[in-house]
Amino acid sequence: MCGIVGYVGNRNSQNILIEGLKKLEYRGYDSAGVAVYTTEGLQVKKSKGRLAVLETKLGDEPLNGTIGIGHTRWATHGKPSDINSHPHTDNSLKFSVVHNGIIENYISLKEELTAQGHVFVSETDTEVISHLIASLYQGDIVKAVQQAVTRMRGAFALGVLTEYEPDKLVAVRLQSPLIIGVGEGENFIGSDIPAILEYTRNVYILNDGEMAVLTREGVELMTLEGNFISRELFHVDWDIVTAEKAGFDHFMLKEIYEQPKAYRDTMGSRIDATGKKVVLNEIGMTPEQIKAIRNVHIVACGTAYHAGLVGKSVIESLARIPVETDVASEYRYRSPIITPQTLVIVVSQSGETADTLAALREAKRNGARVLAITNVVGSSVAREADDVIVTWAGPEIAVASTKAYTSQLIAFYLFGLYLAQTLGTKDEAYIADVVSALQELPAKVEHILAQSETIKGVAEQVSTHNNLFFIGRGLDYHVVMEGSLKLKEISYIHSEAYAAGELKHGTLALIEEGIPVIALATQGDLFEKTVSNIKEVKARGAHVFGIHEEGEAELAKVVDQVFAIPATLPLLTPALSVVPLQLLSYYASLARGNDVDKPRNLAKSVTVE
Ligand code: F6R
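Remember, it's a predicted structure, so these values are computed and weren't measured experimentally.

Another point: the UniProt feature "domain: Glutamine amidotransferase type-2" (unreviewed entry) in the protein chain. As annotated in UniProt, the feature "domain: Glutamine amidotransferase type-2" (unreviewed entry) corresponds to residues 2–217 in the numbering used here. Measuring from the first to the last C-alpha atom of residues 2–217 gives 28 Å, for a span that is 25% helix and 33% strand.

Put into structure tokens, the structure is as follows:
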């Protein structure tokens, strides 16, 4: 995820910016840059690659000055490159901007500014901001930024410098985090506390819709409308490691809690302004090419494969195209029937998984068009696929995938709806209902997260067992497969996920007194059948923990403990029901004293077959 650092004071800003950016390296990035006001005006140096590359550039030609902004970019709009790196400037090179987040309406702003004579050099949404501010500037940078922000839609944090007012650093927050560090004769901005912790422990945490104007003498906080705000300083007593995790004990927990934001960012500009349909500008397929698709193969590994299983149901139900889902390590060895009318969808958080990449190449060799769903813009999978839907979950650091999986589900919902719109398999009113329910998901995840203590209690009981079962039907079955994998990989407890109706064909023999069974029963049309299967395990002594939808009263009568998730459309429940299962595995791992973020024998990116 991108990182922002800014400095105004009396020290050499270049060094402070670089040191601050190093503290944000853990967030992941693919390029970096700084802008410093020097005796020769505002100067920018930026480069693709690690910070060391930028440091070498700055070593050869230092930027001497005491006010500056810096950025580490994690590509979203446009590939990792020198030009796409931040800071971005306007054509006069008098304004410079660093930005985290997404400007949803950047295409229309870019068209408007281009018509006014602005020339753009990068593929980014951020470059629009520097041009927009330059076009609105009339001698007051604070006013120009305020006016610019009213024109921008999306989620963002900004750091802005202009050569015309070289003592001021302007910072803005709208949904992307930004903090202000307060020192003696010097002040800082940071997208994250570790960036400034070496220099000060006194910070203001900006809220959404707030901005700050920093000079050497002090910091003014105000709303985006210009009303001044007074706020107590927050004294940070975290060490640097805790600060990297934003106060959470582990990256995995932080990433579970980042899911509402990941959902919002992944939907972002892909839902049109009316809120009734999906816009996927990144899909290059023409309507004729979409109509020619005869079948879909979804190929992935591990958690991404589990997202693909849900994706199969989503595409089949919305677009009525037959879908097969394959584990990537099996796909090319089974001689799959791939034709030019097959759309192959590869799903990969990292975009570097060897088996998934090999499946992609096999599909292309056979003439199929390949769509990638990935979290990493410049990854191999993203580069080699014909079309890419990026999941804007931000970097995932914990080995166990959480927010990447749920963002992949969101990508499938968006793509399924897009197919339905193009093929006419669902009418406008139906699509509008699903889009509206999708937009309600982030708040519903927040509601689940607020009850994490309940799940913690269940996890502590589960952690004392060495075997357990997960059961469910339909989409619930696919979600429990992911729940079971999550529990295995970080708690090392053996579990099996079973289609609830399949138990009695053999596995029921393993159910004995006291064994925990986690039963998902969120699919209304399958509910009664799932309850029958729950009764089968109860009759053999299982201790059943059931997950159902709020408002459903029957499950509590047949299980030992229940947890309710907010109600949504049946097709969308996986994006909610997986969250308690993620928390369950996290707390079970914690209770067993395991290294949650780095489970034994596993690596975050599997680049060998
Ligand atoms: C489990 C997990 C793995 C990955 C799998 C594929 O929590 O993270 O199962 O999902 O290794 O990785 P990507 O998505 O990077 O291709």
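For the rest of this paragraph, the subject is the packing of aromatic side chains. Summed over all chains, the structure comprises 7 aromatic pairs. Judged by centre distance (5.3 Å) and plane angle (55°), the rings of Tyr7 and Phe188 are tilted. Remark: Phe188 occurs in strand E10 (residues 187–190) and Tyr7 occurs in strand E1 (residues 3–8); sequence separation between them is 181 residues. Like Tyr7, the residue Phe188 is buried in the burial classification. Taking 5.4 Å as the distance between ring centres and 10° as the angle between the ring planes, the aromatic pair formed by Tyr137 and Tyr164 counts as stacked. Pair noted here: Tyr137 is in the loop between helix H4 (126–136) and helix H5 (141–151) and Tyr164 is in the loop between strand E7 (154–162) and strand E8 (169–174), with a separation of 27 residues, a long-range link. Residue classification places Tyr164 among the partly exposed positions, given a relative accessible area of 46%. Among the aromatic residues, ring-to-ring pairing joins Tyr7, Phe188 and Tyr199 into one connected group. Over the ring of Tyr430 we find Lys426, and its NZ or CZ is 4.8 Å from the ring centre. A cation sits over an aromatic face here: Arg600 above Tyr492, 3.8 Å from the ring centre.

Taking 1.5 Å of rise per residue, the 17 residues of helix H17 (residues 475–491) would be expected to cover 24 Å, and the 24 Å separating its terminal C-alpha atoms lies within 8% of that figure. The buried fraction of H17 amounts to 14 of the 17 residues, a majority that puts the element mostly inside the structure. Tyr492 occupies a position one or two residues after H17 and carries a positive phi of about 65°.

Below, the discussion takes up the pairing of strand E13 (residues 219–223). Two elements, strand E12 (residues 210–214) and E13, share 5 bridges in a ladder whose sense is antiparallel. Within E13, the position partnered with Val213 by the bridge is Glu220. Here E12 folds back onto E13 in antiparallel fashion, the turn holding 4 residues. Summarising the sheet, E13 and strand E14 (residues 228–229) pair through 2 bridges and their orientation is antiparallel. Across the sheet, Leu221 pairs through a bridge with Ile229, a residue of E14. In sequence, E13 turns back onto E14 through a hairpin of 4 residues, with Gly226 there showing a positive phi of about 95°.

To continue, consider the site of the ligand. Neighbouring the ligand are 13 residues, the closest being Ser348, Gln349, Ser350, Thr353 and Glu489. Note that an oxygen atom of the ligand is positioned 3.1 Å from one of the backbone N or O atoms of Thr303. Here an oxygen atom of the ligand sits 2.9 Å away from a polar atom, N or O, in the side chain of Lys486. Every element with two or more residues in the shell around the ligand is listed here: helix H10 (302–319) and H17. Here the shell around the ligand gets 3 residues from one element, more than from any other, and that element is H10. Looking at the shell around the ligand, its residues break down into 4 nonpolar, 7 polar and 2 charged.

Cut-offs applied
- Residues numbered from 1 in each chain as written.
- Predicted model: local features only at pLDDT ≥ 70, side-chain atom pairs only at ≥ 80, totals over all residues.
- Heavy atoms only, no water.
- UniProt positions renumbered as here; feature names shortened; annotations may be inferred.
- Helix = DSSP H or I, 4+ residues; strand = E, 2+ residues; numbered from the N terminus.
- Phe/Tyr/Trp six-rings, centres within 6.5 Å; stacked < 30°, edge-to-face > 60°.
- Buried < 20%, exposed > 50% of the residue type's maximum accessible area, 1.4 Å probe, protein only.
- Lys NZ or Arg CZ within 6 Å of the ring centre and 35° of its normal.
- Expected span 1.5 Å × (residues − 1).
- Pairing = 2+ DSSP bridges.
- Near = heavy atom within 4 Å.
- Polar contact = N/O pair within 3.5 Å; in protein donor to acceptor, adjacent residues only side chain to side chain.
- Nonpolar A, V, L, I, M, F, W, Y, C, P; charged D, E, K, R; others polar.

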